Amino acid sequence: MRQIWILLLENLKFYPVIFRLANYETRAKYKDHSLGVLWDIINPVMQIATYYLVFGIAMGQSHSMTDGVPYIGWLVIGQAVWLFLNTSFMDATWSIRANVNQVSKMNFPISIMPFVRTQINILPFLITLVVGIVMSLSSGVTLSLHVLQFVYYFFAMLVFLYAVGLFNATITVLYPDYQQLVQTVMRFIFWMSGAVFDIGQRIGPDHARIARLIEINPFYYLISGTRDAFLSTGWFWERPEQNIAFWSLTIFLLFVGSHLHLKFRAYFADLV
């Protein structure tokens, strides 16, 4: 636990640096584009529109109900969370390896780099999420007190992304091929995340155990939980098995990632 606190305190202490680095990298990314940071909004919206055409219109779900709510709002909210998780997850995986030589010359710890990547993606996520909420409201959904639990799920996203980002970023420095493995695994996880269709509905009651097993993965937990918040379909304490599975995995990754990071970070520059 001591190692976890060391790294968490580093991130809290240097959060102003995290914020400035995120803003700088965002501006640098689009400095040669006339629309600038608007591409952070256009890209996810276009991707969501593609999935709606495929799974909504082509597969006849555009006017259907999923979990008792219109499919379009259900899809956009789920996709907003998935794009945020997936982009931050993958960006954090290479964050240390790509910046170790530069950061080693600066006066801040390299442990903040995974969270810098998450910080970059927060604003596009919130804007895309608002689009999904507006579309849900226009489809007849009404907000309720359930919306308050979004604070919990957003906090859970940040903790999970830092835990898995620190772990992945450290392993990627030690074993560069790990990043390619992560990319392959994430393509598979997408279909198990519940981002574009209801897993329980597709698998059916005959395979309820398989559906429950799939639903304990952290991506499904965060996506379905955010939907619960804005579509008023449940409370987080109604998912005891998923709560235990999510936080057990997150704490385990944070513990292992912190241990490995502190053990090897003095050698990162030599390993890259």
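All figures in this text were calculated on a predicted structure; none of them were measured in a lab. Sequence order as written defines the numbering, with residues in each chain counted from 1. With pLDDT at 70 or above as the cut-off, local features in this predicted model cover only qualifying residues; side-chain atom pairs require 80 or more to be listed or tallied, and sums for whole chains, interfaces and linings still use all residues. Side-chain descriptors were evaluated using all non-hydrogen atoms of the structure, hydrogens and water having been removed beforehand.

*Asks:* Just checking my understanding: could you explain the overall build of the protein for this structure?
*Replies:* Within the protein, the regular secondary structure consists of twelve helices and two strands. Overall, the protein shows an N-to-C arrangement of helices and strands of α-α-α-β-β-α-α-α-α-α-α-α-α-α. Out of the 272 residues in the protein, the part that is buried amounts to 51%. Put simply, 80% of the contacts in the protein that link residues at least 6 apart link residues at least 24 apart. Per-residue and other accessible areas were derived by the Shrake-Rupley procedure at a 1.4 Å probe size, with only the shown protein chains allowed to occlude residues. Surface accessibility of the protein: about 13,700 Å² in total, with carbon and sulfur atoms responsible for 67%. Secondary structure elements follow DSSP: runs of H or I no shorter than four residues count as helices, runs of E no shorter than two count as strands, and numbering proceeds from the N terminus. When accessible area is computed with a 1.4 Å probe and restricted to protein chains, residues below 20% of their type maximum are described as buried, those above 50% as exposed, and intermediate ones as partly exposed. Note on contacts: a residue pair qualifies if any of its non-hydrogen atoms lie within 4.5 Å across the two residues.

*Asks:* Would you explain the pattern of salt bridges in this entry?
*Replies:* One side chain can pair with another of opposite charge once the charged atoms of both are near each other. Definition used for salt bridges: Asp or Glu carboxyl oxygen within 4 Å of a side-chain nitrogen of Lys or Arg. With the rule as written, the count across this model stands at three salt bridges. In this structure, the salt-bridge partner of R117 is D91, at a minimum N-O distance of 3.8 Å. Pair noted here: R117 is in helix α5 (residues 113-138) and D91 is in helix α4 (residues 71-103), with a separation of 26 residues, a long-range link. Each member of the pair R117 and D91 is classed as buried. The partner of R239 in a salt bridge is D228, with the nearest N and O atoms 2.6 Å apart. Remark: D228 occurs in helix α10 (residues 218-231) and R239 occurs in the loop between α10 and α11 (240-264); sequence separation between them is eleven residues. This pair shows no difference in class: R239 is buried, exactly as D228 is.

*Asks:* How should the packing of α5 against helix α6 (residues 150-174) be read in this particular structure?
*Replies:* When two helices pack together, their arrangement is given by the angle between their axes and by how far apart the axes lie. Running from amino to carboxyl end, α5 crosses α6 at an angle of 145°, the nearest separation of the two axes being 10 Å. Of the two elements, α5 crosses α6, and the hand of that crossing is right-handed. For the pair α5 and α6, the contacting residues are P114, F115, T118, I122, F125, L126 and L129 in the first and F150, F154, M157, L158, L161, Y162, G165, L166 and A169 in the second. Following the grouping adopted for this structure description, the nonpolar residues are Ala, Val, Leu, Ile, Met, Phe, Trp, Tyr, Cys and Pro, the charged ones are Asp, Glu, Lys and Arg, and the polar ones are all others, Gly among them. Across the contact of α5 with α6, the residue classes break down as 14 nonpolar, two polar and no charged. Axis lines are fitted to C-alpha atoms, over the contacting stretch for helices. Their N-to-C directions set the angle, which ranges from 0 to 180 degrees. A clockwise turn of the near helix away from the far one marks a right-handed crossing, whereas an anticlockwise turn of less than a right angle marks a left-handed crossing.

*Asks:* What am I meant to see in the packing of aromatic side chains here?
*Replies:* Centre-to-centre distance and the angle between the planes together describe a pair of aromatic rings. Aromatic rings from Phe, Tyr and Trp, taking only the six-membered ring of Trp, are treated as a pair when their centres fall within 6.5 Å; an angle between ring planes under 30 degrees marks them as stacked, one over 60 as edge-to-face, and anything in between as tilted. For the coordinates displayed, the defined rule picks out 21 aromatic pairs. Note on W235 and W237: the rings are 4.9 Å apart at their centroids and 5° apart in plane angle, and the pair reads as stacked. When its relative accessible area of 22% is taken as the criterion, W235 is described as partly exposed. A ring has a charge above it when a Lys NZ or an Arg CZ is no more than 6 Å from the ring centre and no more than 35 degrees off the ring normal. Just above the ring of W74 sits the side chain of R227; from NZ or CZ to the centre is 3.4 Å.

*Asks:* Explain the environment of A92 here, please?
*Replies:* You can see A92 is positioned in helix α4. On the basis of relative accessible area, A92 is assigned to the buried category, the value being 0%. Those residues within four positions of A92 in sequence are excluded, and the remaining contacts are P114, R117, G165 and A169.

*Asks:* Just to check I follow, could you spell out the environment of F190 for this structure?
*Replies:* For F190, the position within the fold is in helix α7 (residues 178-192). F190 sits 108 residues away from W82 along the chain, and the two C-alpha atoms are 8.0 Å apart.

*Asks:* Help me understand the side chain of S88 in this model?
*Replies:* You can see S88 is positioned in helix α4. The exposure class assigned to S88 is buried, which follows from its relative accessible area of 1%.

*Asks:* Explain α7 to me, please; I cannot follow it from the model alone.
*Replies:* Each α-helix winds once per 3.6 residues, and so residues spaced three or four apart point in a common direction. Here a helix's expected span is defined as the number of its residues, less one, multiplied by 1.5 Å. If you check α7, its first and last C-alpha atoms are 21 Å apart, about what 15 residues at 1.5 Å a residue would give, namely 21 Å. Buried residues of α7: Y178, Q179, V182, M186, I189 and F190, and no others. Where α7 ends, the next residue or the one after it, G194, has phi of about 75°, a positive value.

*Asks:* Hey, could you run me through the side chain of R227 in this one?
*Replies:* Tracing the sequence through the fold places R227 in helix α10. For R227, a relative accessible area of 4% translates into the label buried. The residues contacting R227, other than those within four sequence positions of it, are W74, L75, I77, G78, G194, A195, S232 and T233.

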